[in-house]
Amino acid sequence: MRFIIVASACLIMQWANAAPQRIASVNLCTDQYLLLLAAPGTIATVTWLSQKPESSYYYERALRIPVNHGEAEEIVAHAPDLVLAGFYSARTTTHLLQQLGYQVELFDHPRSVKQVREQLRRMGDLIGRREQAERVIKTMDARLQRVATQPADDAPTLMQYAPGGYTIGRDSLVGDIMYLAGWRNQAQNAGVAHLGIVDLETLLMIAPLALIDSPLAPDSYSFAEQMLKHPVLKKTARPKFTVTIERKLWICGGPMVVDALIELRKARETIEREAIESEQRS
Amino acid sequence: MTETLLEARSVSVTMGSIQCLNRVDLSLKTGEITGLIGPNGSGKSSLLKAMAGLQKTTHGSVWLAGKNITHCDSRERGKAMGYLEQNGDVHWPLPVKRLVELGRIPHLQGWQSPCEQDQRRVEAALKQTDTWHLRERTVTTLSGGEKCRVLLARVLAGEPKMILADEPIAALDPAHQLMVMESLRQFAAAGGAVIIALHDLSIAARYCDRLALLKEGDLIIKASPNDVITEARLASVYGIKATLRRDENDCLTVTPYALTDEAKLLSP
Amino acid sequence: MWLGLLMGSVIVLFFISLTVGRHSFSLWQTVQELLAQEQSVYTLILIELRLPRSLVAVIVGATLGLCGAAMQGLLRNPLASPGILGSSSGAALFSVIVLYFGFHAISPWLLPIAGMAGALLAIVLVYALTGNDSTITTIILAGVAINAIAAACISLAINLAPSPYAVREIALWTLGDLSKVSLTNLWLMLPTTLIGWLMLIGCGQALNALSLGEQTAASMGVNVARLRWRIFLATALAVGAAVATVGAIGFIGLVIPHLLRPLVGYEPRRLLFASALGGAVMLLLADISVRLIPSQIPLQVGVLTALVGAPFFLYLIVKLRKELP
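Residues numbered from 1 in each chain as written. Chains lettered and ligands numbered in written order. Predicted model: local features only at pLDDT ≥ 70, side-chain atom pairs only at ≥ 80, totals over all residues. Heavy atoms only, no water.

(A) Layout of the overall build of chain C. The helix and strand inventory of chain C stands at 14 helices and 0 strands. Along chain C, helices (α) and strands (β) appear in the sequence α-α-α-α-α-α-α-α-α-α-α-α-α-α when read from the amino end. Whereas a compact globule of 325 residues would reach a radius of gyration of roughly 20 Å, chain C reaches 20 Å, a difference of no more than 12%. Projected onto the principal axes, the alpha-carbon positions of chain C cover approximately 60 × 50 × 35 Å. Counting only residues that meet the buried cut, chain C has 60% of its 325 residues in that class. When contacts within chain C are restricted to residue pairs at least 6 apart in sequence, those whose partners lie at least 24 apart make up 78%. (Helix = DSSP H or I, 4+ residues; strand = E, 2+ residues; numbered from the N terminus. Rg over C-alpha atoms; globule rule 2.2 N^0.38 Å. Buried < 20%, exposed > 50% of the residue type's maximum accessible area, 1.4 Å probe, protein only. Contact = heavy atoms within 4.5 Å.)

What follows is the structure, given as structure tokens:
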């Protein structure tokens, strides 16, 4: 038994020198990188979430690829020569696959646009598509150049308020995009740098001008989601606006985050215009 | 002038496949103590429950003040009769005074607390049963005799027109037995009607105006104690030989001393 | 005397509960703002967030205490309570199904009604399993069985629910949580709760009579069968509405009647009102405590009531075992 494992591990090492041909991914975000960069026919399997249009930006490309639910059995069945996984998801699966001698590469969730760039390059290197990755980065940076800005001191304030009261601080991809779109992130005033929970009382106290909402399916119910529909949010003067950003635009790293940035910036400009108009009226 | 308060007309009770009572006629009159005697399982408890309206009859009916008891308002029924359960349990460690107050329930609305008049009745009932000194005690700390008298006080506090008591003195010492029977006699003397199931034939003979003898659900005879208790009947109904002695007041004392020969054959 | 003390505690704790939160501000000043009809962040926090939370704590606590007292009186069993007998988890199960699968979109009133149906089903099942003169053991066993089935079904239902957030909320239903209630929730739960309360308050005299056993109670004019259904229905109405709003908060219905029984002279009728007050006190205290205990993620109030209640339950079992042959 041990011999077989060592032997297969050796084989895998040999293949690793060439570009991997059967890549498996057990994380939605590594899925996205793969679907963006990989050569046709080299993806063995992606997660089932990647076929969902609400969470996966490249879901159309995933439709033809076999899906997995992050279980080791499913992955082994594809005999992959490279396994991609997130730091925190499917931990038992990645441990098991590592013990079995598969090459497992872990990606943390990017915390800034800069880290997205680094991850794209690393992914390009891993799957032998560095050139492809550089092209994607170049286009992305060119678009960023045109739209990215920095919040002015009197810029309007924004806060993400996800089901359960979760909010995201400056030290995160979403936070970075909010910053580059020229919003001041109010999560900071609640003492949240990366990820934290803010209750409704605190939300009313720090009173951001707008909230970011990422809608779920209309028939979806939970206490967590219900919190966002609390009647007090309709009565208070602030938060006054809701900015809706589709989840698939920024839950993972990739060039699509620029789309999120553009939408956020447009929303800010509209709100600022409205504020000026109402001031002129009064 | 005596008046019929409660009347069982041709009452039968069946439980499962067992016929507990078979077409029994019996009436309770004011001022009278009716004793219900008969061996275990002869239907004494069933008859009491049927007469209290607690047991459905399979034939015949029970009449309370000219009305079929099944059509009576349950509150009116509760006011008219006090039912003393066999080994009556008390489920919470209530203080004696509160327990006796429960007897006033048929007179109270759903949310009413007992008023002063209720309190006076409770006091009287406690004194009548010689339990006044126990009023602050918890019912769980009472002896069997004390508890029995307190439960009787509960019944008396409700000022019923009649009392239906199911072997209330079975577990008591002779002195307490006499005390309870005296209380019942007082109650009857004041115009109430009593029906009481008894095992002690001497006490039944001494205190009851009439006796009803049951055997396997049949009412064998209802008459005065001297007519009901005869050596022949004790032999045929109870399966015992007993000496009967009459005192100067024509009062009967029954002392069983042996099983009859037939009964000996049946016993192991 | 005790009733006055309890009532005073409810009022004092209610106001304390209004002042406890992530942010502190002057209650007095805010009330003045309210009277002057000015709107500020503080008035919003007070009226829309803290007031419903405190009111719901009072109502749910009172419901649980009252229903516990009524059930213990009816079954003449000191271990009967909405939590032990499964009505809470039955209500939680039905509410979960109505909520997480979108049935409440048909009508929000379906929620308290579903809670009631679940509670009623559970208690009738336990009653059918144990019968009338059940021993403590059989009642607890039946309750354990119903609770286990309901808990399993809650897990199953939540795992199948469309919402990706649902899975994290199993504990909310099995322990109970007051932090997310709004005035809307309060209005929804109020009608069925009040009907349940009114139905129970009139039962006092009959419950008193029942302490002498069913036969004697019947002889005093109590219709025992009708009383049983009335209490089952009333507790289902009130507990169902409470659980559908805040989840199954445990042990209040068990602990409170027990603690208060000696103070009211063991009289079931007086225990009803006292337990309602006592339940409100216990839940207010627990809810104030969870907000005062510093923690990263808000604690659930049911954690505290269970921490207090479960050892008490064990103590009761040991005590009853000693008393019984």
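From this point, the narrative continues.
(B) Seen up close, the interface of chain B and chain C. Taken together, the contact pairs 31 residues of chain B with 27 residues of chain C. In total, chain B and chain C occlude about 2,400 Å² of area from one another, counting both sides; carbon and sulfur atoms represent 58% of this. Sorting the residues of chain B by area buried against chain C places His91, Trp92 and Ile105 of chain B first, and these three jointly supply 29% of that buried surface. Counting across the interface, chain B meets chain C through 1 salt bridge. For Glu267 of chain C, the salt bridge goes to Arg98 of chain B, with nearest N and O atoms at 3.0 Å. One can count 6 residue pairs in polar contact (both at pLDDT 80 or more) joining chain B with chain C. (Buried area = accessible area lost by both parts, 1.4 Å probe. Salt bridge = Lys/Arg side-chain N within 4 Å of Asp/Glu carboxyl O. Polar contact = N/O pair within 3.5 Å; in protein donor to acceptor, adjacent residues only side chain to side chain.)

(C) Here's a closer look at the pattern of salt bridges. Going through the model one piece at a time under the given rule, you end up with 36 salt bridges over all chains. Here Lys114 of chain A ties to Glu118 of chain A by a salt bridge, and the two come within 3.8 Å at their closest N and O atoms. Within this pair, Lys114 of chain A and its partner Glu118 of chain A are both found in helix H6 (residues 113-126), separated by 4 residues, close to a single helical turn. Among the residues examined, Lys114 of chain A registers a relative accessible area of 53% and is labelled exposed. With a shortest N-O distance of 3.1 Å, Arg291 of chain C and Asp287 of chain C are connected by a salt bridge. Linking Arg291 of chain C with Asp287 of chain C, this pair stays in helix H13 (residues 268-292), spanning 4 residues, or about one helical turn. Among the ionic contacts, a cluster of salt bridges with common partners joins Lys97, Arg98 and Glu101 of chain B together with Glu267, Arg269 and Arg270 of chain C.

(D) Looking closely at the arrangement of the chains. Sorting the 2 pairs of chains in contact by contact count puts chains B and C at the top. Without any contact between them, chain A and chain B keep their closest C-alpha atoms 40 Å apart.

(E) Summary view of the pairing of strand E12 (residues 252-259) of chain B. Residue and element names in this part refer to chain B. Of the pairings in the sheet, the one linking strand E11 (residues 240-246) to E12 comprises 7 bridges and is antiparallel in character. Each bridged residue has a counterpart across the sheet, and for Arg246 the counterpart in E12 is Leu252. In this antiparallel pair of consecutive strands, E11 and E12, the connection spans 5 residues, and Asp250 shows a positive phi of 65°. (Pairing = 2+ DSSP bridges.)

(F) Here's a closer look at the pairing of strand E6 (residues 157-160) of chain A. Residue and element names in this part refer to chain A. Residues Thr157 and Met159 of E6 are buried on one face, and the alternating residues Leu158 and Gln160, pointing to the opposite face, are buried as well. Where E6 lies against strand E8 (residues 184-185), 2 bridges are found, and the strand directions are parallel. In the sheet register, Leu158 faces E8, and the bridge partner there is Asn185. Note: E6 against strand E10 (residues 210-213), 3 bridges, orientation parallel. Its bridge partner being in E10, Met159 is matched across the sheet by Leu211.

(G) Main features of the domain arrangement of chain A. All names here are of chain A. Each assigned domain of chain A is listed with its residue range as follows: domain 1 (2-144) and domain 2 (149-281). If you average the C-alpha positions of domain 1 and of domain 2, the two centres end up 31 Å apart. Contacts between domain 1 and domain 2 engage 21 residues on the former and 20 residues on the latter. Ranking the residues of domain 1 by area buried against domain 2 places Tyr57, Arg111 and Arg143 at the top, with a combined share of 36%. Taken together, domain 1 and domain 2 are joined by 2 salt bridges. One salt bridge connects Asp259 with Arg143, and the closest N-O pair in it is separated by 2.6 Å. On inspection of domain 1 and its partner domain 2, the count reaches 8 residue pairs in polar contact (both at pLDDT 80 or more). Of all the secondary structure elements, the ones that give two or more residues to the side of domain 1 that touches domain 2 are helix H2 (28-37), H6 and helix H7 (130-147). (Domains from an automatic or database assignment.)

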